[in-house]
Amino acid sequence: MTVLVTGGAGYIGSHMVLELIDAGEQVIVLDDLSTGFRWSVPPAATLVIGDAGDQALVSRLIDEHGIDSILHFAAKIVVPESVADPLAYYLNNVVKSRALIETAVAKGIKSFIFSSTATVYGNAGASLLSEDLPVAPINPYGRTKVMTEWMLEDTCKAHGLRYAVLRYFNVAGADPKGRSGQSTPRATHLIKVAAQVALGRQLYFEVLGTDYDTPDGTCVRDYVQVNDLAHAHLVALRHLREGGESIVLNCGYGHGASVLDVIKVVKEVSGVDFEVRISPRRGGDPARLVAKVDRIRGLGWQPKYDNLADIVAQALRWERFLADRKAA
Ligand SMILES: NC(=O)c1ccc[n+]([C@@H]2O[C@H](COP(=O)([O-])OP(=O)(O)OC[C@H]3O[C@@H](n4cnc5c(N)ncnc54)[C@H](O)[C@@H]3O)[C@@H](O)[C@H]2O)c1
Ligand SMILES: O=c1ccn([C@@H]2O[C@H](COP(=O)(O)OP(=O)(O)O[C@H]3O[C@H](CO)[C@@H](O)[C@H](O)[C@H]3O)[C@@H](O)[C@H]2O)c(=O)[nH]1
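So, how was this worked out
Residues numbered from 1 in each chain as written. Chains lettered and ligands numbered in written order. Predicted model: local features only at pLDDT ≥ 70, side-chain atom pairs only at ≥ 80, totals over all residues. Heavy atoms only, no water. UniProt positions renumbered as here; feature names shortened; annotations may be inferred. Near = heavy atom within 4 Å. Polar contact = N/O pair within 3.5 Å; in protein donor to acceptor, adjacent residues only side chain to side chain. Areas by Shrake-Rupley, 256 points an atom, 1.4 Å probe, with all protein chains shown as cover. Helix = DSSP H or I, 4+ residues; strand = E, 2+ residues; numbered from the N terminus. Nonpolar A, V, L, I, M, F, W, Y, C, P; charged D, E, K, R; others polar. Buried < 20%, exposed > 50% of the residue type's maximum accessible area, 1.4 Å probe, protein only. Contact = heavy atoms within 4.5 Å. Pairing = 2+ DSSP bridges. Phe/Tyr/Trp six-rings, centres within 6.5 Å; stacked < 30°, edge-to-face > 60°.

- With an unreviewed UniProt entry as reference, the protein is termed UDP-glucose 4-epimerase, source organism Microvirga alba.
- UniProt, in the comment section headed Sequence similarities (unreviewed entry), describes the protein in these words: "Belongs to the NAD(P)-dependent epimerase/dehydratase family."
- The protein has a UniProt comment under Cofactor (unreviewed entry) that states "NAD(+)".

Structure follows, in structure tokens:
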């Protein structure tokens, strides 16, 4: 069976492609390379450069390759950009997802897996966030994800398509075999930025707010390793292929670390005591996002990399690789 991975040249999608190939699947990647990289797609997968919303192209790929499942990662993902240019986000993340879902229905695709986010919970405030909480996104990016979740839910009721929505918490780390990692040049993710500071690419680290209602005043997040996350998709895909019901799944470890906890680990693992400055909140950051994970654990998902020091070591190693690649 062949799987179509939209956005498979990006950070998480490229780890998914590796996971699928390691599991013996045939993989077609569809990516417009807007933020992804041709070189991050392994030769064992077929890369098609194009738009996930191009119905003629997707139909042809499904027919030519006998695709039975679609894993939809392609999206714009920068929250402040979504606030500044919401219509670009509604076009890329909603309108094109709608086109893709319509093609999936028309072509009789059996399983559809969608990349959603913990951002859909907004400021829910619960100590552990359950999938059954009402969604309450607080920015356009989060709204585009909720709208696509709802399109899938409604489409599934009307047609034979079954889906898994995976709500990722904070994705971090890099392939332990060194085959992929977070390569976006101006990524704002905490562990990526802290790794760059530790390696001297930036002068200091800025903690964005120390007055949150958390034990040390900084935001708490559930950091999930990217290969573990990719494996969660494989578990969800097997669930759907075996006839399981459509499902919404939190993807996290069920415990949190604060910004200061992460900085401490980055300093310990890198051996660099870099400068840390305290800055005001950046706005729109929920104090705490930690997953309730019983549902995905119930499907048999067993993470391998639930250790912040290991995740940080992977991120540091990938930053060094990117620097060597640039210098070469
Ligand atoms: N990184 C995170 O922490 C995080 C957290 C929650 C959810 N997500 C979701 O996971 C998915 C992957 O995110 P990522 O971090 O790998 O981002 P990324 O930017 O590295 O990957 C996105 C990929 O999609 C491609 N793309 C974008 N629009 C496209 C289109 N219309 N047609 C074809 N290709 C297109 C890009 O070129 C890129 O390769 C996204 O849907 C994102 O919303 C990410
Ligand atoms: O230089 C930095 C970068 C981040 N932070 C803080 O670190 C925490 C985590 O920030 P970040 O890594 O940017 O992640 P989030 O803002 O939590 O968002 C991520 O995790 C969400 C799911 O939880 C996804 O939807 C988003 O796409 C993804 O960027 C937040 O409190 C930030 O304020 C800093 O203090 N300094």
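So that's the structure; there's more coming.
**Structural notes on the site of ligand 1**
Moving on, step 1. Close contacts around ligand 1 come from 28 residues, with Ile12, Asp31, Thr35, Tyr141 and Lys145 the closest.
Moving on, step 2. In this structure, an oxygen atom belonging to ligand 1 sits 2.7 Å away from a side-chain N or O atom of Thr35.
Moving on, step 3. Contact between ligand 1 and Asn92: a nitrogen atom at 2.9 Å from a side-chain N or O atom of the residue.
Moving on, step 4. Contact with the protein chains covers 96% of the free accessible surface of ligand 1, which is 830 Å².
Moving on, step 5. For the shell around ligand 1, the elements supplying multiple residues, two or more each, are helix 1 (11-22), helix 4 (86-106), strand 5 (111-117) and helix 5 (140-158).
Moving on, step 6. Ranked by residue count, the leading element in the shell around ligand 1 is strand 5, at three residues.
Moving on, step 7. Residue composition of the shell around ligand 1, grouped by class: 12 nonpolar, 11 polar and five charged.

**Details of the environment of Val312**
Moving on, step 1. Positionally, Val312 belongs in helix 10 (residues 308-327).
Moving on, step 2. We classify Val312 as buried; its relative accessible area is 2%.
Moving on, step 3. In this structure, the C-alpha to C-alpha distance between Val312 and Leu33, residues 279 residues apart in sequence, is 27 Å.
Moving on, step 4. Each residue touching Val312, except ones within four places of it in the same chain, is listed here: Ile191, Val265, Val266 and Val269.

**Considering the UniProt feature "domain: NAD-dependent epimerase/dehydratase" (unreviewed entry) in the protein**
Moving on, step 1. Those places that UniProt annotates as "domain: NAD-dependent epimerase/dehydratase" (unreviewed entry) correspond, in this numbering, to residues 3-252.
Moving on, step 2. For the annotated span residues 3-252, helix accounts for 38% and strand for 21% of the residues, and the straight-line distance between the end C-alpha atoms is 24 Å.

**Here's the deal with the pairing of strand 11 (residues 247-251)**
On any regular strand, side chains alternate: one points to one face of the sheet, the next to the other face.
Moving on, step 1. For strand 11, the tally of buried residues reaches five of five residues, placing the bulk of the element in the interior.
Moving on, step 2. Residues Ile247, Leu249 and Cys251 point to one face of strand 11 and Val248 and Asn250 to the other, with burial holding for every one of them.
Moving on, step 3. As paired elements, strand 6 (residues 162-168) and strand 11 share five bridges and run parallel to each other. The residue of strand 11 that forms the bridge with Leu166 is Leu249.

**Some remarks on the pairing of strand 4 (residues 67-72)**
Moving on, step 1. In terms of burial, strand 4 is a largely internal element, six of the six residues being buried.
Moving on, step 2. For strand 1 (residues 2-6) and strand 4, the ladder comprises five bridges, and the chain directions are parallel. Within the sheet, the bridge partner assigned to Val3 lies in strand 4 and is Ser69.

**A word on the site of ligand 2**
Moving on, step 1. Taken together, 22 residues lie near ligand 2, and Thr117, Leu190, Arg221, Arg282 and Asp285 sit nearest.
Moving on, step 2. Separating an oxygen atom of ligand 2 from a side-chain N or O atom of Thr117 is a distance of 2.3 Å.
Moving on, step 3. Within the backbone of Leu208, an N or O atom sits 2.9 Å from an oxygen atom of ligand 2.
Moving on, step 4. About the coverage of ligand 2: the protein hides 89% of its 690 Å² of free accessible area.

**Quick look at the packing of aromatic side chains**
Moving on, step 1. Evaluated as defined, the whole model comprises five aromatic pairs.
Moving on, step 2. Measuring from centroid to centroid gives 6.2 Å for Tyr253 and Trp301, while their planes differ by 5 degrees, and the two rings are stacked. With Tyr253 in the loop between strand 11 and strand 12 (257-258) and Trp301 in the loop between helix 9 (294-298) and helix 10, this pair connects stretches of sequence that are 48 residues apart.
Moving on, step 3. For Tyr253, a relative accessible area of 6% puts it in the buried group.

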